[in-house]
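Residue strings, one per chain:
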Amino acid sequence: MKKIKIFLLSLLFFVAASTLAFKDDLFQVSKNVDVFVALFKEISINYVDETKAADLIKHGIDGMLGSLDPYTEYVPPSEIENYKLKYISTHYGGIGVATLSIEGHLYVNEILEGYPAHKVDMRAGDEIVQINRVAVKGKERAELSQMIRGPRGTAVDLEIKRGNEYLKKTLVREEIKQANVSYHAMLDQQIGYIKLDKFLENSGLEMRNALKEILKHQPQGLILDLRNNGGGILQEAVKILGLFVPNQTLVVSQKGRNPQKNIQYRTNTMPLAPDLPLVILINGASASASEIVAGTLQDLDRAVIVGQQSFGKGLVQQTFNLPYNSLVKVTVAKYYTASGRCIQALDYAHRNAKGMAQKMADSSRTAYLTTKGRTVFDGNGIAPDLTTPTNQMADITRTLSNKGLFFAFANRYRDKHPNIGWAKKFRLSDSDYQQFVTSLDSKALQYNTKADLLLASLSDMTHTQRDLAPVKTDIDKIKLRVEQEKKNDLTTYKDEIKRLLETQIVSRYYFDKGKIEQAFQYDTEVNKAIELLNKPNQVLAILRGDGAYKTIGNKTQNTIGSRN
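Residues numbered from 1 in each chain as written. Predicted model: local features only at pLDDT ≥ 70, side-chain atom pairs only at ≥ 80, totals over all residues. Heavy atoms only, no water.

Undergrad: In this structure, what is going on with the overall build of the protein chain? I would like to understand it.
TA: Tallying secondary structure elements over the protein chain gives 18 helices and 25 strands in all. Every one of the 564 residues in the protein chain was classed for burial, and the buried ones make up 44%. The long-range fraction of contacts in the protein chain, counting pairs at least 24 apart against all pairs at least 6 apart in sequence, stands at 67%. Accessible surface for the protein chain amounts to roughly 29900 Å². Of this, 52% is attributable to carbon and sulfur atoms. (Helix = DSSP H or I, 4+ residues; strand = E, 2+ residues; numbered from the N terminus. Buried < 20%, exposed > 50% of the residue type's maximum accessible area, 1.4 Å probe, protein only. Contact = heavy atoms within 4.5 Å. Areas by Shrake-Rupley, 256 points an atom, 1.4 Å probe, with all protein chains shown as cover.)

Undergrad: Help me out: how do you make sense of unusual backbone geometry in this one?
TA: Excluding glycine, residues mostly have negative phi values, and the peptide bonds linking residues are mostly trans. Located in the positive-phi region is Asp 121, a residue other than glycine, with phi close to 65°. Here Asp 121 lies in the loop between α5 (116–119) and β5 (127–131). Classification of Asp 121 by relative accessible area gives partly exposed; the value is 37%. The residue Ser 288 is not glycine, and still its phi comes out positive at about 60°. Residue position: Ser 288 is located in the loop between β15 (278–282) and α9 (289–299).

Undergrad: Looking at this model, I keep getting lost on the confidence of the model for the protein chain. Mind explaining?
TA: For residues with low pLDDT, the predicted coordinates do not support detailed interpretation. In the predicted model, the protein chain carries a mean pLDDT of 88, and 88% of its residues have values of at least 70. The model gives residues 547–564 a pLDDT under 50, and that stretch makes 45 contacts with residues more than four places away or in other chains. (pLDDT = per-residue confidence, 0-100.)

Undergrad: What's the story with the packing of aromatic side chains in this structure? I'm lost.
TA: Note on aromatic pairs: each is described by the distance of the centres and the angle between the planes. This model, assessed by the stated rule, comprises eleven aromatic pairs. Ring plane angle 75° and centroid distance 5.3 Å describe the contact between Phe 409 and Phe 436, whose orientation is recorded as edge-to-face. Highlighted residues: Phe 409 in helix α11 (residues 405–416) and Phe 436 in helix α12 (residues 430–439), separated in sequence by 27 residues. A relative accessible area of 1% places Phe 436 in the buried class. (Phe/Tyr/Trp six-rings, centres within 6.5 Å; stacked < 30°, edge-to-face > 60°.)

Undergrad: Help me understand the pairing of strand β8 (residues 165–172) in this model?
TA: Where strand β7 (residues 155–162) and β8 come together, eight bridges link them in antiparallel fashion. The residue of β8 that forms the bridge with Glu 159 is Lys 168. Adjacent in sequence and paired antiparallel, β7 and β8 are bridged by two residues, among which Gly 163 carries a positive phi angle near 65°. (Pairing = 2+ DSSP bridges.)

Undergrad: So what exactly am I meant to see when it comes to the side chain of Lys 261 here?
TA: Its place among the elements puts Lys 261 in the loop between β13 (250–255) and β14 (263–266). Sequence-distant contacts of Lys 261, that is, excluding residues within four places in its chain, are made with Gln 254, Lys 255, Gly 256, Gln 318, Phe 320, Val 332 and Ala 333.

Undergrad: Looking at this structure, I do not really get the nonpolar core. What am I missing?
TA: Burial of nonpolar side chains together is a common tendency in soluble globular proteins. Grouped together as the largest cluster of nonpolar side chains are 49 residues, with contacts concentrated most on Ile 194, Met 207, Leu 224, Phe 244, Ile 280, Val 293 and Leu 297. Leave out the neighbours within four places in its chain, and Val 293 touches Phe 199, Leu 224, Leu 226, Ala 237, Leu 241 and Ile 280. Ala 423, Phe 426, Tyr 433 and Leu 501 belong to the second largest nonpolar core, which has 21 residues in total. (Core = buried A, V, L, I, M, F, W, Y, C linked by side-chain atoms within 4.5 Å.)

Undergrad: Can you walk me through the sheet that holds strand β16 (residues 304–307) in this structure?
TA: One key point about sheets: their strands pair by backbone hydrogen bonds, in either a parallel or an antiparallel sense. Spatial ordering of the open sheet is given by β10-β11-β12-β15-β16-β23, a layout of six strands whose pairing is mixed. Edge positions in the open sheet fall to β10 (181–186) and β23 (386–387), since each of these has one partner strand only. Across two bridges, the pairing between β16 and β23 is parallel. Pairing of Val 306 across the sheet is with Leu 386, part of β23.

Undergrad: Just to check I follow, could you spell out the environment of Gln 434 for this structure?
TA: Relative to the helices and strands, Gln 434 is located in helix α12. Note: C-alpha distance between Gln 434 and Lys 494 (60 residues apart in sequence) is 10.0 Å.

Undergrad: Looking at this model, I keep getting lost on the pattern of salt bridges. Mind explaining?
TA: Between side chains of opposite charge, pairing is possible as soon as their charged atoms come close. Summed over all chains, the structure comprises 26 salt bridges. Across the pair Lys 58 and Asp 62 runs a salt bridge whose closest N-O atoms are separated by 2.8 Å. Residue Lys 58 and its partner Asp 62 are both found in helix α3 (residues 53–66); the two are separated by four residues, about one turn of the helix. Judged by relative accessible area, which is 31%, Asp 62 ranks as partly exposed. The salt bridge partner of Asp 362 is Arg 365, with a shortest N-O separation of 3.6 Å. (Salt bridge = Lys/Arg side-chain N within 4 Å of Asp/Glu carboxyl O.)

Undergrad: Help me out: how do you make sense of α3 in this one?
TA: End to end, α3 covers 20 Å across 14 residues, agreeing with the expected 20 Å (1.5 Å per residue, within 8%). Where α3 is concerned, the buried positions are Ile 57, Ile 61 and Leu 65. Taken end-on, α3 shows its buried residues confined to a sector of 70°, consistent with a single buried face. (Expected span 1.5 Å × (residues − 1). Arc of directions from axis to C-beta.)

Undergrad: Explanation requested: the pairing of β15 in the structure shown.
TA: Moving residue by residue along a regular strand, the side chains alternate between the two faces of the sheet. Among the five residues of β15, five are classified as buried, and the element is accordingly described as predominantly covered. Side-chain alternation along β15 places Leu 278, Ile 280 and Ile 282 on one buried face and Val 279 and Leu 281 on a second face that is also buried. Both β15 and β16 contribute to a ladder of four bridges, which runs parallel. Bridge assignment links Ile 282 to a residue of β16, and that residue is Gly 307. Between the parallel elements β15 and β16, the chain passes through α9 in a crossover that is right-handed. (Right-handed = clockwise from strand over helix to strand, strands pointing away.)

Undergrad: I'm lost on a nonpolar patch on the surface in this one. Help?
TA: Among the surface-exposed residues, Leu 39, Ile 43, Tyr 47 and Val 48 lie close enough to one another that they form a single nonpolar patch of about 410 Å² accessible area. Looking at Tyr 47, the relative accessible area reads 46%, which means it is partly exposed. (Patch = residues over 30% accessible without salt bridge, like charges linked within 9 Å, V, L, I, M, F, W, Y side chains within 5 Å.)

Undergrad: Would you take a moment to explain the packing of α11 against α12 for this structure?
TA: The description of two packed helices rests on the angle between their axes and on the distance between the axes. Between α11 and α12, the least distance of the axes is 11 Å, while the angle of their chain directions is 125°. Classed by the angle they form, the pair α11 and α12 counts as oblique. For α11 against α12, the interelement crossing comes out right-handed. Together, Leu 405, Phe 406, Phe 409, Arg 412 and Tyr 413 of α11 and Asp 432, Gln 435, Phe 436 and Ser 439 of α12 make up the contact between the two elements. Taken together, the residues of the contact of α11 with α12 sort by class into five nonpolar, two polar and two charged. (Axes fitted to C-alpha atoms, helices over the stretch in contact; angles between N-to-C directions. Parallel < 35°, antiparallel > 145°, perpendicular 65-115°, else oblique. Left-handed = near helix turned anticlockwise from the far one by under 90°. Nonpolar A, V, L, I, M, F, W, Y, C, P; charged D, E, K, R; others polar.)

Undergrad: Looking at this structure, I do not really get the environment of Glu 159. What am I missing?
TA: Relative to the helices and strands, Glu 159 is located in strand β7. Glu 159 sits in the buried class, given a relative accessible area of 14%. The spacing of Glu 159 and Val 129 is 30 residues in sequence and 5.5 Å in space, taken between C-alpha atoms. Contacts of Glu 159, omitting those with residues within four sequence positions, involve Glu 127, Ile 128, Val 129, Gln 130, Tyr 166, Leu 167 and Lys 168.

Spelled out as structure tokens, the structure:
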């Protein structure tokens, strides 16, 4: 109890001090710590079932921090390594596999090329049965990941099942490096492409090296792909901005309640590509540092943004050490792009009656001007200069994926086909697709659409509200029609399902690189970016503000002087 009280006092004193109102809050802090400790004591002594002290404290801390925002979080000692891998470092000791759990079985989902698992011929689709002679069945996936990882140079013994065959593999762990830049290449003779997946340590250096390789080919333009990039370290974003804009350019600033958190960031290197035409790809999962890069280059009229509205995270976190080797990650400031706008979408300080943070209304957003006078807005993320349709996965596709059926078919396909030719051109034949359809049983195709849920709700209402009883027959007819339509989904969404099957299959032969290359043939945003960069006058028109483009359906309209 004494240690718990010391820990809580240390934590709450720190919080009070960081609010710059320590003297005023001291009594309230001391009083509430006493109440918390007394409450904890009574629960520990008198609660009907056995309790775990660490769990109770963790839930208490999570409840306190959860009232602030989703990004302020406590990290206990047991989770620090995972925290660093998620938010800071790209290195860990392991064998180079990604795993997938399906109905209690642990499968290899991906193999990292060149690492121990690849060297001993482990394959995507292999089932891991034992780790160091300990059975996998019944254990949590997080626990199993920790068993596979370990210091480099140490060995791990695996028993795997491949088809009907059991194999034993001994692997020596290595330092696994998860690249920030997962792919870079020339897409044709003129256009370069860099895919940046995250902004963790050394992402600025990786971007610089990738850009140097691209510049050797004297490209006519560059595509920087930030789709599904959730961000990372703000300072790395500043380094990446420095590759494209003049030295000492103000690119982002942060402002917090504590004046010490008010910082302006300027580039501090000479740019590698100050004039190279640039298109940046974003989507709804592009967040934080991705939005800093995209938003600032938009503000400076340095890049054309293509894709969908970004996530809208304009908050900055900082990590602080706590007693007993724990950490707390705290939101300390908001960041502002070069034009001065903050693109934070949700207001966590002012919640509705249900305690939910509200999205900023379009009518309350403030207009800002880019360097050349184009209008951009704060709040709700970054609006692209050219908007492309959002790809919504159909219910049937999501169901097949969640049940591991794409995964299973790709494994069978790999067993039957020694090679598939060039990844960039691979397509699944109609006969192969029919084999996939034939392999599905009726249970695999049982799923609920939004229409099913709505109809079920209406049907329930007919039983409780007499005035709705006459429409029950109509509801039943609609239900029947929906079921008939679902039977056609494998045909209706054939192209979408085939694309996911192709992705899984290509990964069995060419790893992540092959998946990226194979997807280019379907990639709407990449193809639109190539089209733009092959017409420099269109890029210049958008950046001047005399030809901002927006997409409505499948038609592109030129809307002079406006931005969607």
